[in-house]
Every structure is written in structure tokens, then in C-alpha cells.
Amino acid sequence: MSERFHPPTLAAAVMGQATIPPGHPWNRLPVVGAGCALLGAVACAILGAANPKQFFFSWLVAVLFFVSLAVGALFFVLIQYASQGGWGIVVRRVGEITFATLPVIAALFVPVLFGLRELYPWAVPGAADHDALLRWKAPYLNVPFFLIRAALFFVIWSFIALAYYRGSRRQDLTGDPRVSARLRRFAGPGLIVLALTSTLASVDWIVSLTPHWYSTMFGVYFFAGSFVGFIALLSVVVVAMRRAGLLDTLISPEHLHDVGKFLFAFTAFWAYIAFSQFLLIWYANLPEETIWFKARMQGSWMAVSVLLIMGHFVAPFFYLMGRTVKRKGPTLALGGAWLLAMHFVDLYWQVMPTLHPEGLRPSVLDAAALVAVGGCFVAAAGWLMRRQALVPVRDPRLAESLAFENA
Amino acid sequence: MALLIPQLPKGPYYGILAEFATPTDLYQACERVRDAGFTRWDAHTPFPVHGLERAMGLRRSPLPWIVLVMGLTGAAAGFGLQWWVHARAYPLVISGKPYLTWPAFIPITFEVSILFAALGAVLGMLGLNRLPMLHHPLFRSRVFERVSDDAFFISIESWDPRFDASATGKLLESLGARSVELLES
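A brief report on the enclosed structure follows. Here the structure is a predicted model, which means the values were calculated and not measured.

## Let's talk about the overall build of chain B
Okay, step 1: Each helix and strand counted, chain B has 5 helices and 4 strands in total.
Okay, step 2: Taken over the C-alpha trace, chain B has a radius of gyration of 24 Å; the compact-globule value for 185 residues is 16 Å, which it surpasses by more than 25%.
Okay, step 3: Projected onto its principal axes, the C-alpha coordinates of chain B cover approximately 80 × 35 × 30 Å.
Okay, step 4: Here chain B, with 185 residues, has 32% of them falling under the buried criterion.

## Focus on the environment of A:Gly33
Residues and elements named next belong to chain A.
Okay, step 1: Counting through the fold element by element, glycine 33 comes out in helix H3 (residues 29-50).
Okay, step 2: Glycine 33 sits 342 residues away from glycine 375 along the chain, and the two C-alpha atoms are 4.1 Å apart.
Okay, step 3: Not counting residues within four places of it along the chain, the set of residues in contact with glycine 33 comprises Gly375, Cys376, Val378 and Ala379.

## A look at the interface of chain A and chain B
Okay, step 1: The partner chain B presents 13 residues to the 11 residues of chain A that form the contact.
Okay, step 2: Here chain A is connected to chain B by 1 salt bridge.
Okay, step 3: Across the pair B:Arg54 and A:Glu405 runs a salt bridge whose closest N-O atoms are separated by 3.7 Å.
Okay, step 4: Counting the contacts that link chain A with chain B gives 1 residue pair in polar contact (both at pLDDT 80 or more).
Okay, step 5: No other element matches the 6 residues that helix H12 (residues 253-284) of chain A contributes to the side of chain A that touches chain B.
Okay, step 6: Considering only residue class, the side of chain A that touches chain B consists of 8 nonpolar, 1 polar and 2 charged.

## Re the sheet that holds strand S3 (residues 152-157) of chain B
Residues and elements named next belong to chain B.
Okay, step 1: Pairing in this open sheet of 4 strands is antiparallel, and the strands run S2-S3-S1-S4 from one edge to the other. Looking at the sheet topology across the chains shown, the edges are occupied by strand S2 (41-44) and strand S4 (179-184). Strand after strand, the sheet turns through a mean of 20° between neighbouring axes, direction not considered.
Okay, step 2: In the sheet, strand S1 (residues 13-20) pairs with S4 via 6 bridges, with the strands oriented antiparallel.

## Examining the packing of H12(A) against helix H14 (residues 299-319) of chain A
All names here are of chain A.
Okay, step 1: At a minimum axis distance of 9 Å, the contact between H12 and H14 shows a crossing angle of 145°. Relative to H14, H12 is oriented so that their crossing is left-handed. In this structure, H12 uses Phe264, Thr267, Ala268, Trp270 and Ala271 to contact H14, whose residues at the interface are Leu308, His312, Phe313, Pro316 and Phe317.
Okay, step 2: For the contact of H12 with H14, a count of residues per class yields 8 nonpolar, 2 polar and no charged.

## Looking at a positive patch on the surface
Residues and elements named next belong to chain A.
Okay, step 1: Taken together, the side chains of Arg166, Arg170, Arg182, Arg184, Arg185 and Arg387 define a basic patch exposed on the protein surface.
Okay, step 2: Residue assignment for the positive patch shows that the elements contributing at least two residues are helix H9 (143-174) and helix H10 (177-205).
Okay, step 3: Per element, the largest residue contribution to the positive patch is 3 residues, and it comes from H10.
Okay, step 4: Structurally, arginine 185 can be placed in helix H10.
Okay, step 5: For arginine 185, a relative accessible area of 59% translates into the label exposed.

## Examining the packing of aromatic side chains
All names here are of chain A.
Okay, step 1: Scanning the entire structure with this criterion turns up 52 aromatic pairs over all chains.
Okay, step 2: Measuring from centroid to centroid gives 6.4 Å for phenylalanine 278 and tryptophan 282, while their planes differ by 25°, and the two rings are stacked. Taken together, the positions of phenylalanine 278 and tryptophan 282, both in helix H12 and 4 residues apart, correspond to about one turn of that helix. Accessibility classification places phenylalanine 278 together with tryptophan 282 in one group, the buried group.
Okay, step 3: On the basis of an interplanar angle of 85° and a centroid distance of 5.5 Å, the ring pair of tryptophan 292 and tryptophan 349 is categorised as edge-to-face. One end of the pair, tryptophan 292, is in helix H13 (residues 287-296); the other, tryptophan 349, is in helix H16 (residues 329-351), with 57 residues separating them in the sequence.
Okay, step 4: Here tryptophan 349 falls in the buried class, since its relative accessible area comes to 8%.
Okay, step 5: Each member of the aromatic cluster is reached from another via a ring pair, and the members are Trp213, Phe218, Tyr221, Trp270, Phe275, Phe278, Trp282, Tyr283, Trp292, Phe293 and Trp349.
Okay, step 6: Geometry around phenylalanine 145 places arginine 149 over its ring, the cationic atom sitting 4.4 Å from the centre.
Okay, step 7: Between lysine 326 and the ring centre of phenylalanine 264, over which it is positioned, the NZ or CZ distance is 5.1 Å.

## A look at helix H3 (residues 63-89) of chain B
Residues and elements named next belong to chain B.
Okay, step 1: Compared with an ideal rise of 1.5 Å per residue, which puts 27 residues at 39 Å, H3 spans 36 Å between its outermost C-alpha atoms and is within 8% of the ideal.
Okay, step 2: At tryptophan 83, H3 shows its maximal kink, close to 25°.
Okay, step 3: Restricting attention to buried positions, one finds in H3 the residues Leu63, Gly71, Gly74, Gly78 and Gln82.
Okay, step 4: Looking at the buried side of H3, the elements it contacts are helix H4 (102-128).

## What about helix H11 (residues 218-243) of chain A?
All names here are of chain A.
Okay, step 1: Here H11 spans 38 Å end to end across 26 residues, near enough to the 38 Å set by a 1.5 Å rise per residue.
Okay, step 2: Burial of H11 is extensive: 21 of the 26 residues sit out of reach of the surface.
Okay, step 3: Taken from the residues just after H11, glycine 245 is the one with a positive phi, measuring 80°.

## Comments concerning the pairing of S1(B)
All names here are of chain B.
Okay, step 1: Counting buried residues along S1, 7 of its 8 residues qualify, which places the element largely inside the surrounding structure.
Okay, step 2: Taken together, the 6 bridges between S1 and S3 define a ladder with antiparallel strand orientation. In the strand pairing of S3, isoleucine 16 is matched with isoleucine 156.

## Remarks on the packing of H14(A) against H16(A)
Residues and elements named next belong to chain A.
Okay, step 1: Following both chains from N to C, one finds H14 and H16 inclined at 155°, their axes separated by 10 Å at the closest point. One element, H14, and the other, H16, form an angle in the roughly antiparallel class. Both H14 and H16 take part in a crossing whose hand is left-handed. When H14 is examined against H16, the residues Trp301, Val304, Ser305, Leu307, Leu308, Gly311, His312, Pro316 and Tyr319 are found in contact with a partner set consisting of Thr331, Leu334, Gly335, Trp338, Leu339, Met342, His343, Val345, Asp346, Tyr348 and Trp349.

## Things to note about the pattern of salt bridges
Okay, step 1: Under the definition given, this model contains 17 salt bridges over all chains.
Okay, step 2: Measuring nitrogen to oxygen at the nearest pair gives 3.1 Å for the salt bridge that ties B:Arg142 to B:Glu145.
Okay, step 3: Connected via shared salt-bridge partners are A:Arg92, A:Arg93, A:Glu96, A:Asp172 and A:Asp395.

Rules and cut-offs
Residues numbered from 1 in each chain as written. Chains lettered and ligands numbered in written order. Predicted model: local features only at pLDDT ≥ 70, side-chain atom pairs only at ≥ 80, totals over all residues. Heavy atoms only, no water. Helix = DSSP H or I, 4+ residues; strand = E, 2+ residues; numbered from the N terminus. Rg over C-alpha atoms; globule rule 2.2 N^0.38 Å. Buried < 20%, exposed > 50% of the residue type's maximum accessible area, 1.4 Å probe, protein only. Contact = heavy atoms within 4.5 Å. Salt bridge = Lys/Arg side-chain N within 4 Å of Asp/Glu carboxyl O. Polar contact = N/O pair within 3.5 Å; in protein donor to acceptor, adjacent residues only side chain to side chain. Nonpolar A, V, L, I, M, F, W, Y, C, P; charged D, E, K, R; others polar. Pairing = 2+ DSSP bridges. Axes fitted to C-alpha atoms, helices over the stretch in contact; angles between N-to-C directions. Left-handed = near helix turned anticlockwise from the far one by under 90°. Patch = residues over 30% accessible without salt bridge, like charges linked within 9 Å, V, L, I, M, F, W, Y side chains within 5 Å. Areas by Shrake-Rupley, 256 points an atom, 1.4 Å probe, with all protein chains shown as cover. Lys, Arg positive; Asp, Glu negative; His and termini not counted. Charge placed at Lys NZ, Arg CZ, Asp CG, Glu CD. Phe/Tyr/Trp six-rings, centres within 6.5 Å; stacked < 30°, edge-to-face > 60°. Lys NZ or Arg CZ within 6 Å of the ring centre and 35° of its normal. Expected span 1.5 Å × (residues − 1). Bend = angle between axes of the 7 residues up to and from the residue. Parallel < 35°, antiparallel > 145°, perpendicular 65-115°, else oblique.

Given below as C-alpha cells:
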């Protein structure tokens, strides 16, 4: 019965462009990634031994960057399933490969656990003794419970990620439409679980760096940044794949246009959330809330804040507004690469003022940690790319996605 | 009122209406009418036909530019009003903040931008479509009633520089029109 719904002929026709052929430079991605990871790890070990505090902060930012990309990818794919989106099926596997690296990212999170005392003031033994607020928060903010939560977040995310990655891969072989139906049914509840866990994770890993501070909007802020980050990565990867001769006739300017629309829309959404969080705190002017923004509005951190307003919102907003920019590969990829960099700056700006309240102090360890974690991510993603086609070749609605046109 | 309700040019005839049986016939006829150099003409279908705008050789609508200009105007107006009220006309200290509390102005600036952009989109669309028009000569045709059902039409207006009542009618017939009629103004 399944043969009737999605003839394998389309899959066969698509397959040629959708797999990395032998001898293609992208076959070397795992090796290149592993090389970078090794280089970065050695640099981290040498430089980090002299300055462990800096190492843990740099490593935290680097891991958060890739966690947020993977979580953003999960949101993207689950939203596509829940909304029964048609256009995005041809780019869905990029998301599936991104979040299928979550078990690797979980392993990369482990060094953070060894630096809890360096990173989080509440984790220092005796910190709560003279601090009423920390004592009050101690039932939640304590090391054992923090570890349990971190483990839980990664287990839940990896479980959802692998369920969707494996389901989609199985469909490549069987073409069974019931896989799509099942994954769609789980997408709604999955999104709720994802929203709750990513909110709590962002509070645990970023907000609790300043344990007195709180913002009820932070979870949405983390989501907005993650989503922009993943869509930016998606636009870069999709354009790079087309240039490398993969999927070059499958992904049309129509698909690029829609990726660009997502990028544009969520850039505005990020600004909306970021500003709403700032405005409420700034206007109420309560010391326990303003402390976080005060640290980021002093000295050279203010320059980074202005860079975020201009570079994460104003410039890309007007740049991505036009139609032509979104439909051409190079211009879309430029916008995506820029926003990916800005997403990193955003996370850096959230974390680093805790370590360097006196001002922006870039460190070689920042770059080393990024290369180490990024190398592992590229290696894992490159290895996954070689395991199957780069589009879900026998998704029942692939033909619809390929024929997609913006009205 | 006459200014607000767009009028068609004066003349004894509105133009020629040709009926086609299928979207494919219409699509191919549109390409030929476009290539014949007509500029004042339109196609009418019961449902959107993908790619018809290319077959008709339509340029992109200037509407996005109207919306952008209106949105920016709205932003300037929204911000300007608050600046004038709070910093110029009625400078009051509110919760210890400076007069020019620009972060507090952003929500209103944003809302007024949206309002102006939306008004620009709706009114610009109406203007570019020459609406509201209380009556249109196309509605004189009985055949045209099927435009919302199962028939496809091309109308060429008599003020098109290439319009010629008999030659244009023959052209449309040669393109496979099921019926061709000359409509009075």
C-alpha cells in the first residue's frame, strides 16, 4: 500500500543529488572537524591550565552556542511537523542532522560540570551562609539538583532528537506514510516539553550566573536567539550545499526565499523579546532586576549592547526586508553568517560580564573553546551527513515541497 | 466624492472581453497578448493560476515601497509626537526618568509604525486597483458572470494604444477564445 502513495521513482531521481558522492570534499568534514576539535582541545588544555576560570566561561559560551543551535533545530523541525508545513521538507534533514548531534553536545557539556564553583556563585560551598536570597533559593539552586536537571534536559532532548532523526531515516527506506503521521502526533506535546526544558535550562545555565537576578521572560529570549541561530545556520548550510553541487536543483530560490523569511521574521521576534525584557526591567527600576542590565551598560559592555541592537536587529532587519536578497544564495548566506556571529555575540554578552564586570576582555580561550566544540559539532554533523540522503527522499510530501512556489 | 471614487477614461467602448475554457488556454493567450505589446489589459480567473503574472508580463507591484514609506513615516510620527509632548510641550518628571525617555517611547512608536504601514497596505492596494469603483463595464457582460465559477477571461481596454475593435477581436479569436464581445462604456 505504501508504494502507491510515494513512488520510489522520485526517491531514485532525487538520490543522485541528495547523497555526498565518493571523492566529494564534504566527505572530509568529519576529519576536518576532528582536527579542529583536537587543535582547540590542546589549546584549551594549555591555556586553560593557567586560567581555569576563563576556560570554564569560554567553554560554557561555546557549548551554549551549539546547544542553542540544536535546540533551535528541534523547534524548527517539530513546528514543521505540527503545522504540517510542506515547503520545508526539502531542508528538514539539515535540522535533523543538527539536532542528532545532541548526544555529542551533551558529552561536551561535561567539562562545565567540573567548573560549577568557578562559574556559579551559588555553587561555592558556604555561599548561602551569609546570603538570605541564596538560602531561599537553595532548595532549587544546589549542585546535586543542578546535575540531575542538566542530565534530564540532555536525556529528554536527545530522546526527542533521536526519535525524529531515526523515524525520518526509517521512512527513507520504507516510505511508510504512518511515520509522518506518528511524528506529527508527537510534535505538539514535544514542543511543550521542549519549551519547558529549554526555559529551565536557560535559567539554570545563564540566569543563575547572577543568582540574585531573575527575568520571567528569559526562556522566550533564549528560544528567540536559538531559533534565529538555527535558521541562520540553515541558510548558510543550504547555500553552501548548493555551491558544493548537493541538492542544487532540489533547493530552489523559492525555498531560499522562505528560509530568508523565517530569518527576517525571527530577527524581528528576537528584537521584540529582547526589548520587552529590557523595557519592563528598565521602567520598573528595581535594583534586584536592573543589576543584570547595569553590568551590560557600563564601560565597553555598553558598546557590545549597542552592537547587538544594531547588528542583531537594525542592520539585518533592513537588509533582509527586500525580496531579492532572500532569493539569491550569496546574499542570503551573508545575512545568515552575520546573524550566526551575532547570535554568538548575544550569548557571549549574556555570560561574560559575570567574569569580567570591568569590561569586554576577549580571550584566546574564547576562540579555542569555540574551535574545540565547533570542531566536534562539524565532525558529528559531517559523519551524520554521510550516513543517509540529505533530504527525506521518501517523505510522502516531498514532491509537494519540491514544487513549492511563493504565491 | 468624485476624487475618492476612481473613474475610467471616457469613450463609447470599454473594450473587448474574451472567454477561454481552460486555465491552459488562458495562460497561452496571455503570453500572446503580452507579446503583442498590449499594456492596458487584464486576466480574470475563478482561482489563482500559478505563474499567470509572468505570462501576463506584470511588473512587481510598488505596494511594498508604499508600505515601507508609510511604516517609516509612522515611526517618525509616533516618536515625534511623544518627543514633542514629553520633552517640549509638557515636560513633566515621571518616575524620576529624563524627559526624553526614549525606551518608553518605543512601544508607541512601534504601534504607530504598524498602524501606518497597515493603512498604507490597504489604501495603497485600493488605490493601485482603482477601487472603490461603484460599477464596472465588465459587469454588463452576461458571460462574465461565470468568472467566479468556471470560465477564464481576458479583457483588453479600448484606451490601450494598440487597441483596434476589429483587429484585437480577431487576435483574441485566433488565440482560441470561446466567445469575444465588445463592451460599451
